[in-house]
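Read off the chains here:
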Amino acid sequence: MSSSSKNIIKIQSLNKVYGSDFEALKGVNLDIRRGEVLALLGPNGAGKTTLISAICGIVRPSSGVITVDGHDIQRNFRITRSLIGLVPQELTTDSFETVWNTVSFSRGLFGKEPCPDHIEAVLRSLSLWDKKDNMLRTLSGGMKRRVLIAKALSHEPRILFLDEPTAGVDVSLRKDMWKIVEDLKTQGVTIILTTHYIEEAEEIADRIGVINHGKLILIEEKNALMSKLGKKQLLLELTKPLDNIPSEFQNFDLVLSEDQHLLTYTFDSASESHDISEFLIKIQSHSIQYKDLRTKQSSLEEIFVTLVQEAEGDKEGVITAE
Amino acid sequence: MNIYGVIAIFNYEMARMKRTLIQSIVAPVVTTSLYFVVFGAAIGSRIQQVEGVSYGAFIVPGLVMLSLLTNSISNASFGIYFPKFSGTVYEMLSAPISAMEVVLGYVGAAATKSVILAMIILATAGVFIELEIRHPVLMLLFVFLTATSFSLFGFILGIWADNFEKLSVVPTLLITPLVFLGGSFYSTEMLPPIWQTIALMNPVLYLVSGLRWSFYEISEVNVLVSLSCIGVFTCLCLLVIAIIFRTGYRLRA
Ligand SMILES: Nc1ncnc2c1ncn2[C@@H]1O[C@H](COP(=O)(O)OP(=O)(O)OP(=O)(O)O)[C@@H](O)[C@H]1O
Ligand SMILES: [Mg+2]
């Protein structure tokens, strides 16, 4: 339970039942590593926000244990909550407060002595400094989002939850957001974010978790995930159209394009690479000429869609078996 | 104890009052003056004295009580209802602050505001009549306890309410009638005996009576009974709040 242990958050058999029978989380086990950026993906209603709310104390777990830095979130809520900053999914702000007041309020609420220097630094880093005396209702949606981030950072948290930080945010602000995450990571802050933009997870996350129907169906290093599940494709642009794929190639997963000019070979990037050289030698021996050659790796998005579909398939399997 | 958290909530709530300074101060001055003009001048010219006190002076404790009750309830209920309504309550729920500290911040601010208002009303009354307060410390104690207990009640109301209508229905349809029927502007001795008995079932009567005793040493019921009434009410409210936070009622899903 030392504060230097590898995992900063431990979640064991977490269940959440809303009302009398809606199971939003079903036996979630998850260890979040100190200093990592973890992206949680999952379709609408999967339970991402519920999971975050349970850790932060907004939603009461129905059963299960959550510890933050070795402390139980219910028994030692003062310690665990002061370590956490939360940027909620919904844009909720007090319209008539100024930026400066609302951010200072957050710091006080989290039990920290006033520190105008810190608030100033946070506002400057989020490009909100010249808006500090503006009322919140005069800010644009993107600025309000930043104010929520400033509020979450006002008390110097060691863990930051960002629930869809880039929903409805333009490209440049999204890039800013990624930069902020990167800076916080270098300061050693553990970051958990949810997103529907897979390229975002691909860009900034160290690990990726996928939630569907209240279950954590996958948690994996991003790179390992990409190479493990990722399919690679070798595309050959042929000099002359090919009538059909020679039968010697039946062991290879090949597709010939309609116009007979593009040959696509799909292979598993995790398996040995001699497959490709073998393939290219075969191409050579059949005197198939090509003018260009490129490879393509499947994106997280494709991986994600496949995963969720598989999970749906499993579920259906269970239903028909009953 | 998260003292900075309590201060943050307190200041935040007081800042709301500062934003509406004119409304907060001018409104009670105008209403109090109206009461004096209407009740004091119109009725007071017919009723010279009530139990040895001029009619104008007689209604002062009632006016103070009316303002204390309605303002404590509406301040505290709006204070907690609004974050719930706008969604900003997420921050309080995720902060390292205990239920009782939250209550201290909200109820402390609401009660402070009503005490300030009560003082403004007293000062306004002083313009129309000569104020006489025999037991100032007891008077302040009554004002303070009433403000606190009814702010607690307002806090509960704000948590219970899930729309604006419920929020305003209690002060206007429950509290105001009780104050008017509770001997604020007349002595129950002026009523027929049967109504005197019914009036004794009105809790507000005990508050008004106690406060009036601290002014003029005249009362409908013993002043100690009045004090215990407020004490019991405060404890009841605290108990309900403790239950609310233990069960997460209407705050945590
Ligand atoms: N307070 C609540 N009461 C009842 N049901 C709820 C409540 N909050 C969430 N739910 C339900 O729990 C499920 C999970 O919701 P949650 O908000 O955690 O999903 P999410 O993964 O964050 O979705 P999104 O991507 O749309 O934000 C949903 O079916 C939702 O309707
Ligand atoms: Mg969500």
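Being a predicted model, the structure only gives us computed values, none of them experimental. (Residues numbered from 1 in each chain as written. Chains lettered and ligands numbered in written order. Predicted model: local features only at pLDDT ≥ 70, side-chain atom pairs only at ≥ 80, totals over all residues. Heavy atoms only, no water.)

## Topic: the overall build of chain B
This is how the line gets drawn: Every helix listed is a DSSP run of H or I at least four residues long, and every strand listed is a run of E at least two residues long, numbered separately from the N terminus. Taken over C-alpha atoms, the radius of gyration is set against a globule rule of 2.2 Å times the number of residues to the power 0.38. Burial classes: relative accessible area under 20% of the type maximum marks a residue as buried, over 50% as exposed, and values in between as partly exposed (1.4 Å probe, protein chains only). Here the open area of atoms and residues is found with the Shrake-Rupley method and a 1.4 Å probe, where only the protein chains shown may cover a residue. In this count, Lys and Arg are taken as positive residues and Asp and Glu as negative ones, while His and the chain termini are left out. Charge coordinates come from a single atom per side chain, which is NZ of Lys, CZ of Arg, CG of Asp or CD of Glu.
Counting secondary structure elements, chain B contains 11 helices and two strands. Going residue by residue from the N terminus, the α and β elements of chain B occur as α-α-β-β-α-α-α-α-α-α-α-α-α. Taking 253 residues into account, the globule formula puts the C-alpha radius of gyration at 18 Å, and chain B, at 19 Å, falls close to it. Taking the principal axes of the C-alpha coordinates as reference, chain B spans close to 60 × 40 × 35 Å. Looking at the 253 residues of chain B, the share that counts as buried comes to 51%. Element-wise, carbon and sulfur atoms account for 72% of the exposed surface of chain B, whose accessible area totals about 11,100 Å². Across chain B, 12 positive and 11 negative side-chain charges occur, with their mean positions spaced 11 Å apart.

## Comments concerning the environment of Thr50 of chain A
Residues and elements named next belong to chain A. Selection criterion: Pairs of residues are marked as contacts when any of their non-hydrogen atoms sit within 4.5 Å.
Summarising the element assignment, Thr50 is placed in helix 1 (residues 48-56). On the basis of relative accessible area, Thr50 is assigned to the buried category, the value being 10%. When the C-alpha positions of Thr50 and Pro61 are compared, they lie 9.3 Å apart, and in sequence the two are 11 residues distant. Ignoring anything within four residues of it in the chain, the contact list for Thr50 reads Lys16, Tyr18, Ala24, Leu25 and Val59.

## Digging into the site of ligand 1
Applied cut-off: Each residue is tested against the molecule or strand, and it is near if at least one of its non-hydrogen atoms lies within 4 Å. What qualifies as a polar contact is a pair of N or O atoms within 3.5 Å, subject to a donor-acceptor requirement within protein and to the restriction that residues adjacent in sequence count only when both atoms come from side chains.
By nearness alone, 15 residues border ligand 1, and Asn44, Lys48, Thr49, Thr50 and Gln89 of chain A come closest of all. Neighbouring residues of ligand 1 are not confined to a single chain but are spread across chains A and B. A distance of 2.6 Å separates an oxygen atom of ligand 1 from a polar atom in the side chain of Thr49 of chain A. The contact in question runs from an oxygen atom of ligand 1 to an N or O atom on the side chain of His196 of chain A, over 2.9 Å. In the complex, 64% of the free accessible area of ligand 1, which totals 630 Å², lies under the protein chains.

## Looking at the domain arrangement of chain A
Spelled out, the test is: Per the annotation, domain bounds derive from an automatic or database assignment of domains.
Along its sequence, chain A is carved into domain 1 (7-83 + 158-227) and domain 2 (231-297). Computed from C-alpha coordinates alone, the two centres of domain 1 of chain A and domain 2 of chain A are separated by 41 Å.

## Digging into the nonpolar core
For clarity, the cut-off: Here, nonpolar core means buried Ala, Val, Leu, Ile, Met, Phe, Trp, Tyr and Cys residues that are tied together by side-chain atoms lying within 4.5 Å of each other.
The biggest cluster of nonpolar side chains holds 98 residues, and the ones touching the most others in it are Ile9, Leu51 and Phe161 of chain A together with Phe155 of chain B. For Phe161 of chain A, the contacting residues outside a window of four places in its chain are Ile9, Ile52, Ile55, Cys56, Ile84, Gly85, Leu86, Val87 and Ile192 of chain A. With 43 residues, the next largest nonpolar core counts Phe39, Ala125, Leu207 and Phe215 of chain B among its residues.

## A look at the pattern of salt bridges
Residue and element names in this part refer to chain A. The condition that has to hold: One side-chain nitrogen of Lys or Arg within 4 Å of one carboxyl oxygen of Asp or Glu is enough to make a salt bridge.
Tallied over the entire structure, the rule returns 19 salt bridges over all chains. Lys185 is the partner of Asp206 in a salt bridge, and the nearest nitrogen-oxygen pair spans 2.7 Å. One end of the pair, Asp206, is in the loop between helix 7 (198-204) and strand 9 (207-212); the other, Lys185, is in helix 6 (residues 171-186), with 21 residues separating them in the sequence. Since its relative accessible area comes to 26%, Asp206 is described here as partly exposed. Connected through salt bridges with shared partners, the residues Arg107, Glu113 and Glu156 form a single ionic network.

## A word on the interface of chain B and chain A
Note the following rule: Accessible area, probed at 1.4 Å, shrinks when two parts are joined; the buried area is that loss added up over both.
With 29 residues of chain B at the contact, the number on the chain A side is 30 residues. Summing both partners gives a buried area of about 2,500 Å² for chain B against chain A, and 58% of it is carried by carbon and sulfur. The interface formed by chain B and chain A includes three salt bridges. Linking Glu97 of chain A and Arg19 of chain B is a salt bridge whose minimum nitrogen-to-oxygen distance equals 3.0 Å. Between chain B and chain A we count 10 residue pairs in polar contact (both at pLDDT 80 or more) in total. The set of elements that each furnish at least two residues to the side of chain B that touches chain A consists of helix 1 (3-19), helix 4 (60-86), helix 5 (89-93) and helix 11 (223-247) of chain B.

## Thoughts on the coordination of the magnesium ion (ligand 2)
Residue and element names in this part refer to chain A. This is how the line gets drawn: For Na, K and Ca the donor cutoff is 3.2 Å, while for all other metals N, O and S atoms count as donors only within 2.8 Å; water does not appear among the atoms, so some sites may look incomplete.
The coordination sphere of the magnesium ion (ligand 2), as far as protein atoms go, consists of Thr49 (OG1) and Gln89 (OE1), spread over 1.9 to 2.2 Å. Taken as a pair, Thr49 in helix 1 and Gln89 in the loop between strand 6 (84-87) and helix 3 (99-109) lie far apart in primary sequence, 40 residues in all. Taking relative accessible area as the criterion, Thr49 reaches 30% and is therefore assigned partly exposed.

## Some words on the pairing of strand 1 (residues 7-18) of chain A
All names here are of chain A. Basically, it comes down to this: By the convention used here, strands pair only if DSSP detects at least 2 bridges between them.
Looking at chain direction, strand 1 and strand 2 (residues 22-33) are connected through eight bridges and run antiparallel. Each bridged residue has a counterpart across the sheet, and for Ile11 the counterpart in strand 2 is Leu30. Between strand 1 and strand 2, which pair antiparallel one after the other, the connecting turn spans three residues, and Gly19 there sits at a positive phi close to 65°. Where strand 1 meets strand 4 (residues 63-68), five bridges bridge the pair, whose relative direction is antiparallel. When the sheet's bridge partners are listed, Asn15 is paired in strand 4 with Ser63.

## Some remarks on unusual backbone geometry
Unlike most non-glycine residues, Gln260 of chain A shows phi in positive territory, near 65°. Residue placement: Gln260 of chain A occurs in the loop between strand 12 (254-256) and strand 13 (262-268). By relative accessible area, which is 26% here, Gln260 of chain A ends up partly exposed. A positive phi is found at Glu51 of chain B, a non-glycine position, where the angle reads about 50°. Inspection of the secondary structure assignment puts Glu51 of chain B in the loop between strand 1 (49-50) and strand 2 (53-54). Judged by relative accessible area, Glu51 of chain B falls into the partly exposed class, the value being 34%.

## Quick word on helix 5 (residues 141-153) of chain A
Let me state the cut-off plainly: Each residue after the first adds 1.5 Å to the expected span of a helix.
Between its terminal C-alpha atoms helix 5 of chain A stretches 19 Å, which fits the 18 Å expected from 13 residues at 1.5 Å a residue. A large share of helix 5 of chain A lies buried, amounting to 10 of its 13 residues. Those residues of helix 5 of chain A not exposed but buried are Gly142, Arg145, Arg146, Val147, Leu148, Ile149, Ala150, Lys151, Ala152 and Leu153 of chain A. Considering only its buried residues, helix 5 of chain A is in contact with strand 6, helix 3, helix 4 (116-125), strand 7 (159-163) and helix 6 of chain A together with helix 5 of chain B.

## Some remarks on the sheet that holds strand 5 (residues 71-72) of chain A
All names here are of chain A. The criterion, for reference: Every axis corresponds to a line fitted to the C-alpha atoms, with the helix fit spanning only the stretch in contact, and the corresponding angles, defined between N-to-C directions, vary from 0 to 180 degrees.
Taken in spatial order, the four strands make up an open sheet running 2-1-4-5, and their pairing is antiparallel. Taken across any chain shown, the strands that pair with only one partner, and hence form the sheet edges, are strand 2 and strand 5. In terms of strand pairing, strand 4 meets strand 5 through two bridges, oriented antiparallel. Looking across to strand 5, one finds that Thr67 is bridged to Asp72. Sheet contacts for helix 1: strand 1, strand 2 and strand 4; angle to strand 1, the most-contacted strand, approximately 115°.

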